[in-house]
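A closer look at the structure
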Amino acid sequence: MTTALIADDEPVMLARIRNALAEAWPELNVVAECRNGVTALEAFHAHKPDVAFLDIRMPGKTGLEVAAEIGDSAHVVFVTAYDEHAIAAFQNGAADYLLKPVEVARLRETVARLRKRIEQQPASAPADLTALVKSLLEQAKPAAHLKWIRASVGNVTRLIHTDDILFFQSDNKYTRIVCKGADAFVRTPISELREGLDPERFWQVHRGAIVNAHNIDRAVREESERLVLHFKGHHEKIVVSRQYYPLFKQD
Amino acid sequence: MTSPLTPIRQWYAALEARKLAALTPELREEVLAFDASMRRHKWRMLGASFAIWMAAAAAFRFGVNDTGWVEALVLSFLLLAATGFSLLSVWFGHYKFRLNTRMVLKVVGLSVAGALVGGMIGRLSRRGTLDGMFDGLGSVGSRVFIAGLIVGAIYGLLILVVVQMRRRLLQARHAALQRQAEADRTARQLADARLKLMQAQVEPHFLFNTLGTVQDLAEGKAPEAAALTRELITFLRAGLAGLRTETTTLGREFEMAAAFLAIMKTRMGDRLAFSLALPDALAGEPVPPAMLISLVENAIKHGLEPALDGGSLRLGAQLEGNTLCIEVADTGIGLGTAANVASGGVGLSNVRERLAAIYGEAATLSIRDNPPHGVVSTLTLPRTKAIGSPA
């Protein structure tokens, strides 16, 4: 008998898929119902079902991530209410998918296709969705630059918005983050932090200092020919090392 | 055939380009505008200059004893040209002038040197010798020296006055431009924030999932269907109202949050628990619209929805002196991963921008850990400030 796994984090939707399947494919044996991606994958390895109905947005692992691990060892049907990129890809026939709320009429077509593939002799192997899923996951990657930085202020952990930061200063193993009116520390070394920051806004001006260009008040050339940065509403100054002078050249 | 003037023209054009390139954009524009206006009115300018020259020459001829027409014409031309060019260079080169010892020495030194040289030439041409020029205190030499000092001082003062006038003018213009830019930016930020808010309101994933749930419940004739529809209507209506008004009350904001949370509770089931605590006295407090809901949406989207077992959410508000504190605490996955931090700020950045546009520095949004896991977002708003008038 054909076996299946259903995964959806919302109970109403999970029940709806279960009920619709009971109507459209009465012979199907649903061996597992899961509420998140992690248990879905565990259940998959435990039961080795023939078909997996996977909601795309789930906690733990998304449906796409679960599908990537399943590979070609089961027929995967994605279920989604709205996922622009994914639906666009699926519409080209790249994968089976169902729109939420699942309708029995539409489900019957999918079931017919699946049964044909599973019950014909010899059964055709499930399509390997790994490549498709990888490209979709790539598209869903979050923005490249850090907007919020997690740092400790005293013994509290805070999220600091990068707009509020005046400068980063290297401090042994830590990096000191100076904001208007507050200091914070992160364990990440300054060189590593720099990779996540927006280079348009955050300029390295010294081996151990990165400044937020938006919060510089003025750059002053002192008597000793040193170039020193002053910040808005803050008393500390940062010395610019010679190799970074071109950043502050007037033109 | 090239004219013999060509190399001179080329040299001048190159010099002009180099000098113009060295100016600040504002100054360059002014210089070019001045140049254009001189060209446009060249006949008028020439006529006016000529008239002034003649008037000055006549004044010399008849005002100073023993002056011939030729002397008067040459003298007044030199004086006018020197004054005119120095005023022009001060006007367009005001940034080069600093009142310091070096500048004072320069002006006094040059005018005294000029007066002495002039005095010597005069003495030589009349007497044929410099003998006796510097004899005694009342000699020609010391009189020339004093005259040089006085002229230098007058010129110095004139330059200073012009520089001051010019600086004040520029400062005023600068300040006006800055105020304009600031006002533009604030208006743009508010418009931008509203647009983002509207987009968040009709976020397709939320709408499709909620409507899907409504449909399923309605098909099954479940009693929750009507309740869920009502909550959705409340939520959408409050959101639309928020787009049109500058201010709402904390009570209405809590109602909107309650509707949203009820919808999410129906969808997430046992994965979500929530509580709202708004003291009655604070229900009428004026607040900017849709800030609370942004914090709540953020907590659900980035804290509780991604958590395997969900969690709970607590909304509260209290007065601390003259500050209104609104707190949204969740027990979700917290600020853990870098990916979460990078993407987690969409709604919050929006709130921050609007706070800055409305209250300036007086309002804050702070975010911290909620041990053992989760996030507490706290909004503090000054109570006295009238909402809607940008700081």
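As for the overall build of chain A
Scanning chain A from N- to C-terminus turns up 7 helices and 15 strands. Buried positions account for 39% of the 251 residues belonging to chain A.

Things to note about helix α3 (residues 63-70) of chain A
All names here are of chain A. With respect to burial, α3 is a largely interior element, 6 of its 8 residues being buried. The set of residues buried in α3 consists of Gly63, Leu64, Val66, Ala67, Ala68 and Ile70. Close packing links the buried residues of α3 with β1 (3-7), α2 (37-47), β3 (51-55), β4 (75-80) and α6 (130-139). Remark: Gly71 follows α3 within two positions and exhibits a positive phi of approximately 60°.

What to know about the nonpolar core
If you look at the biggest cluster of nonpolar residues, it comprises 116 residues, and the most contacted ones within it are A:Phe53, A:Leu54, A:Val76, A:Phe78, B:Phe260 and B:Val296. Per-element accounting of this core gives the leading share, 10 residues, to helix α9 (residues 250-268) of chain B. With residues up to four places along the chain from it excluded, the contact list for A:Leu54 reads A:Ala7, A:Ala40, A:Gly63, A:Val66, A:Ala67, A:Val76, A:Phe78 and A:Val79.

Observations concerning the environment of A:Leu227
Residue and element names in this part refer to chain A. Considering the arrangement of structural elements, one finds Leu227 in strand β14 (residues 227-231). Judged by local crowding, Leu227 falls into the partly exposed class, with 18 C-beta atoms found within 10 Å. In this structure the C-alpha to C-alpha distance between Leu227 and Val240, which are 13 residues apart in sequence, comes to 5.5 Å. Each residue touching Leu227, except ones within four places of it in the same chain, is listed here: Ala219, Arg221, Val240, Tyr245 and Phe248.

Focus on the sheet that holds β14(A)
Residue and element names in this part refer to chain A. Within the open sheet, the 3 strands sit side by side as β13-β14-β15. Their pairing is antiparallel. Only two strands of the sheet have a single partner each, and these edge strands are β13 (216-221) and β15 (234-240). For this sheet, the mean inter-axis angle between neighbouring strands, taken without regard to orientation, is 25°.

Quick word on the sheet that holds β3(A)
Two pairing modes exist for strands in a sheet, parallel and antiparallel, and in both the strands are linked by backbone hydrogen bonds. All names here are of chain A. Sheet architecture is open: 5 strands sit in the order β2-β1-β3-β4-β5, paired in parallel fashion. What marks the edges here is a single partner per strand, and that holds for β2 (29-34) and β5 (96-99). The mean inter-strand angle of the sheet, taken between neighbouring strand axes irrespective of direction, is 20°. Contacts from α3 reach β1, β3 and β4 within the one sheet, and its direction differs from that of β3 by about 155°.

Quick notes on the packing of α2(A) against α3(A)
Residues and elements named next belong to chain A. Running from N to C, α2 and α3 point in directions that differ by 25°, and their axes come no closer than 9 Å. Between α2 and α3, the angle falls in the class roughly parallel. The element α2 and its partner α3 pack so that their crossing is right-handed. Residues Gly37, Ala40, Leu41 and Phe44 of α2 form the contact with α3, whose participating residues are Gly63, Glu65, Val66, Glu69 and Ile70. In the contact of α2 with α3, the residues fall into 5 nonpolar, 2 polar and 2 charged.

Concerning the pairing of strand β8 (residues 165-171) of chain A
All names here are of chain A. Direction of pairing for β8 relative to strand β9 (residues 174-179): antiparallel, over a ladder of 6 bridges. When the sheet's bridge partners are listed, Asp171 is paired in β9 with Tyr174. The turn linking β8 back onto β9 is made up of 2 residues, and Asn172 within it adopts a positive phi angle of 50°. Taken together, the 3 bridges between β8 and strand β12 (residues 209-212) define a ladder with antiparallel strand orientation. Within β12, the position partnered with Phe168 by the bridge is Ile210.

Describing the confidence of the model for chain A
Looking at chain A as a whole, the pLDDT averages 87, with 97% of positions reaching at least 70. For chain A, per-element mean pLDDT is lowest for helix α4 (residues 84-91) of chain A, which scores 80, and highest for β1(A), which scores 96.

Points about the packing of helix α1 (residues 11-24) of chain A against helix α5 (residues 104-119) of chain A
All names here are of chain A. Their axes nearest at 9 Å, the elements α1 and α5 cross at an angle of 65°. The chirality of how α1 crosses α5 is right-handed. Residues Ala20, Glu23 and Ala24 of α1 form the contact with α5, whose own contacting residues are Val104, Leu107, Arg108 and Val111. The residue inventory of the contact of α1 with α5, partitioned by class, reads 5 nonpolar, no polar and 2 charged.

Section: the interface of chain B and chain A
With 29 residues of chain B at the contact, the number on the chain A side is 25 residues. Only α7 (204-219), α9, α11 (338-343), α12 (346-359) and β6 (364-369) of chain B provide two or more residues apiece to the side of chain B that touches chain A. Counting residues per element, the side of chain B that touches chain A draws most heavily on α7(B), which supplies 9 residues. Along the lines of polarity and charge, the residues of the side of chain B that touches chain A split into 12 nonpolar, 11 polar and 6 charged. Sheet analysis places strand β7 (residues 156-161) of chain A next to β6(B), joined by 2 bridges and oriented antiparallel.

Scoring rules and cut-offs
- Residues numbered from 1 in each chain as written.
- Chains lettered and ligands numbered in written order.
- Predicted model: local features only at pLDDT ≥ 70, side-chain atom pairs only at ≥ 80, totals over all residues.
- Helix = DSSP H or I, 4+ residues; strand = E, 2+ residues; numbered from the N terminus.
- Buried ≥ 20, exposed ≤ 12 C-beta atoms within 10 Å, placed from the backbone.
- Contact = placed C-beta atoms within 7 Å.
- Core = buried A, V, L, I, M, F, W, Y, C linked by C-beta atoms within 7 Å.
- Pairing = 2+ DSSP bridges.
- Axes fitted to C-alpha atoms, helices over the stretch in contact; angles between N-to-C directions.
- Parallel < 35°, antiparallel > 145°, perpendicular 65-115°, else oblique.
- Left-handed = near helix turned anticlockwise from the far one by under 90°.
- Nonpolar A, V, L, I, M, F, W, Y, C, P; charged D, E, K, R; others polar.
- pLDDT = per-residue confidence, 0-100.

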